[in-house]
Amino acid sequence: MSGFIAALLWVSLLVFVGFTGAKIRQYWKTPAPLKIPTTPAPVTQTGVVFRMAREVVLFESLFKSNKWIWVFGWMFHLGLLLAFFRHLRYVVSPENFMWPVISNVIVQSFGQYAGFAMVIGLLGLLARRFLVERIRYISSPSDYLMLVMLIVIGVSGLMMSFVTHIDVVQLKMFVMGLFGFDFQSLPESIALIVHLLLVVVLMLIFPFSKLLHAPGVFFSPTRNQVDNPREKRHLAPWAAEKYNDHVDK
Amino acid sequence: MADFETPEIKEFIGIPALQEGSMAHSSPFIAKENHQEALGYPGELVENWQQVALDKMDDLRTRYRSFQVFLDSCVKCGACTDKCHYFLGTSDPKNMPVARQDLLRKVYRRYFTFAGKYFPKLVGAEDLTEEVLDDWYSYFHQCSQCRRCSVFCPYGIDTAEISMAAREIMDVVGKGQKYCNEIIGKVFTIGNNLGLPGKALANVLEGLEEDVEDDTGVAVKFPLDVKGADILLVTPSADFFAEPHIDGLIGYAKVFHETGASWTLSTTASEAGNFGMFIGSYENMRRVSMRIRDAAKELGVKRIIFGECGHAWRIAYSFLNTLCGPFDFLDQRYPIPQHILEYTWGELEKGSLRINKEENDHMTLTFHDSCNVARGSRMGDYPGGQFDYPRNVIKAVCNNYVDMDPKTTKEATFCCGGGGGLLTDDLMEIRVKGVLPRATALKSVVENEGVTHMAAICAICKSQFTKTLPYYGFTMDQIVSVHQLVSEALVMKGSEQEADLDGTDSDDTEE
């Protein structure tokens, strides 16, 4: 079982990195032929960095839009981020310079409870999907399933922290072994197996699903363009080739 | 004429319960063969239309980052679902931005994504069938591309981009919209959307010169095709004949006259509007824009100024430099292009215009931010200038001004309901229903703040409001042009108004 899961983790990680990388490459390479920032928009590149930061860190537009979705969505994502950092203790050794931060600040304090924020946020989003007629109308089976999957990942994780503790030392050996190709066995735990298998699924579907919103937001022309069309001529390569014959060479 | 029910106007803009398919019957007239072919599109639905449509979709996603990123990124969070004026006015769930996008996204998923190819039911992917094409035709012509949804989307997904792409796909398979495509054809052959020929235009302008002289005693000129003028004014052709647009045109002319500007209109560029954007066609949008560059070169002007028009200003401000720049032959000391409000506000700030605000005292004004100006352009040199310039000008010429509910102004402004190529009689129902949110906000300030008139800076807004607001108990003449207000209050040197003021009221004034 441990070997099987180790193999799955490796395969799914490669799929995740490879195909998400390909998507990012595609977004990067595809030109934006026209200036379409949603105005008012920053007039400098620095301003755009701040706008994007507010969007990614605070979910600014969502906040303007709908406070319930914002509360639940932001709780979930913040919880996810903290939980992710908490998991770094399995891959970072105590000699690493980040260890004090990960160990003391995140693992021992609020990081431990981040899982609750995550799950509460997800339950809120799921409830909205069922209860709000408009959102129910736009939901596909995958939209519900993805939330359910994330909830089970969160709950199984919380189980191991708060209900049936697992041997974290052994787990750390497994993870370190995974990266050193020296495969160790996993601690015995149903919750752990469920947790890991669903993480495998998550990584596998990431590049092929709406989870692409994570890299996508950075490439959104309405958010990442500088509002300076009068000052600086913006021209896509295909447009320059096809439609620039009026310009005196 | 109406065979539909006008929605009830309430105190507040509420979110309606869904009524599936309630607007499925709404479709504009289909373009005829000659309208299509003038733009380089097939005259009727081509035989292998599915393949042609999918090829076009594939082509667009390699050329437009917006299209590819927006198709992938939506998580169906629902933030946009209550933001579209057409949804709020019709209750049809396919008028929710995300659902509108999904009409196209489900086809993208089916043919271009792993999940949609192998698990279509799971991810809501669907084949491109004739029903889907009909749905596209119906609902992508119930989007005015106003970008309100893009303000509220956590990823900035702009339904306008999707709806433009959908319309371009429909054009290349031979299912274009008559209204837009016929008009673009007219621009190419005659020079403006209305098909107003040069001679008729000259007559209109002559008539206006007489009117203004009768009114003020000042010989204000409306020059046409004057070589060597400093400024080329490009304005929507509705300014030449429609009410209240024409009063705005008189305002521009008076401001130019009073500031001693040398300016001209052009017969070949007698249209600021550019419906090429509405149909999502870079090529047609560029071809329409090139008339302006050519006219500017031919007349040898130093500056280009645009009149009051929403989508035209978006294209002028955001795209003109891209489509037919660089404008190195113009005077670089001025913004290229410049909005008439930037010009007028600049002059007001300098103090070169004498204003008698009392001329507008019989009105209490509010202002409708045009969607394309608010969310797709700028005025001045700082973000949000597009909100201040019109308000500054109105407040400089009127004593009574009140803003509408902030949830309906500035970046959150509601579209008038007639933008994006929907300003046609065959779409009257969606237009009347689409104006509901704006009508509701207007009603509130009329009843609570004593507002009597609403000023606008867009030819489409003005036409749409004068036609549809009467369905909700307003009158046509409650809509005014911003430069109409300037025109009323402006006291030109040597005018009868000046004589009146200085003659009878001389002891009241400071001068």
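Residues numbered from 1 in each chain as written. Chains lettered and ligands numbered in written order. Predicted model: local features only at pLDDT ≥ 70, side-chain atom pairs only at ≥ 80, totals over all residues. Heavy atoms only, no water.

Visitor: Looking at this model, I keep getting lost on the overall build of chain A. Mind explaining?
Guide: Scanning chain A for helices and strands turns up 13 helices and zero strands. Along the first, second and third principal axes, the C-alpha set of chain A runs to 75 × 45 × 35 Å. Counting only residues that meet the buried cut, chain A has 50% of its 249 residues in that class. Taking the contacts inside chain A whose residues are at least 6 apart along the sequence as the reference set, 72% of them involve residues at least 24 apart. Carbon and sulfur atoms form 73% of the exposed surface of chain A, whose accessible area is close to 12500 Å². Distance between charge centres in chain A, computed from 22 positive and 13 negative side chains, equals 6 Å. (Helix = DSSP H or I, 4+ residues; strand = E, 2+ residues; numbered from the N terminus. Buried < 20%, exposed > 50% of the residue type's maximum accessible area, 1.4 Å probe, protein only. Contact = heavy atoms within 4.5 Å. Areas by Shrake-Rupley, 256 points an atom, 1.4 Å probe, with all protein chains shown as cover. Lys, Arg positive; Asp, Glu negative; His and termini not counted. Charge placed at Lys NZ, Arg CZ, Asp CG, Glu CD.)

Visitor: Looking at this model, I keep getting lost on a nonpolar patch on the surface. Mind explaining?
Guide: All names here are of chain A. Residues Tyr-113, Phe-116, Ile-120, Val-155, Met-159, Phe-162 and Val-163 make up a contiguous nonpolar surface patch of roughly 610 Å² in combined accessible area. Of all the secondary-structure elements, those providing two or more residues to the nonpolar patch are α6 (111–131) and α8 (141–162). Examined against the element boundaries, Met-159 turns out to sit in helix α8. (Patch = residues over 30% accessible without salt bridge, like charges linked within 9 Å, V, L, I, M, F, W, Y side chains within 5 Å. Salt bridge = Lys/Arg side-chain N within 4 Å of Asp/Glu carboxyl O.)

Visitor: In this structure, what is going on with the interface of chain B and chain A? I would like to understand it.
Guide: Interfaces are often sized by the accessible area lost when the parts come together. Listed as interface residues are 84 residues of chain B and, on the opposing side, 64 residues of chain A. A combined buried area of about 5900 Å² lies between chain B and chain A, and 56% of that area is made up of carbon and sulfur atoms. Taken as a group, Arg-63, Arg-65 and Tyr-282 of chain B account for 12% of the area that chain B buries against chain A, more than any other trio of residues on that side. The interface formed by chain B and chain A holds six salt bridges in total. Linking Glu-411 of chain B and Lys-64 of chain A is a salt bridge whose minimum nitrogen-to-oxygen distance equals 3.0 Å. Counting every contact that joins chain B to chain A gives 45 residue pairs in polar contact (both at pLDDT 80 or more). (Buried area = accessible area lost by both parts, 1.4 Å probe. Polar contact = N/O pair within 3.5 Å; in protein donor to acceptor, adjacent residues only side chain to side chain.)

Visitor: Where do I start with the sheet that holds strand β4 (residues 338–339) of chain B in this structure?
Guide: Hydrogen bonding along the main chain pairs the strands of a sheet, whether they run parallel or antiparallel. Residue and element names in this part refer to chain B. Spatial ordering of the open sheet is given by β2-β1-β3-β4, a layout of four strands whose pairing is parallel. Strands with a single pairing partner mark the edges of an open sheet, and in this sheet they are β2 (263–264) and β4. Seen against the sheet, helix α13 (residues 245–258) touches β1 (231–234), β2 and β3 (303–306) and runs at an angle of roughly 170° to β1. (Pairing = 2+ DSSP bridges. Axes fitted to C-alpha atoms, helices over the stretch in contact; angles between N-to-C directions.)

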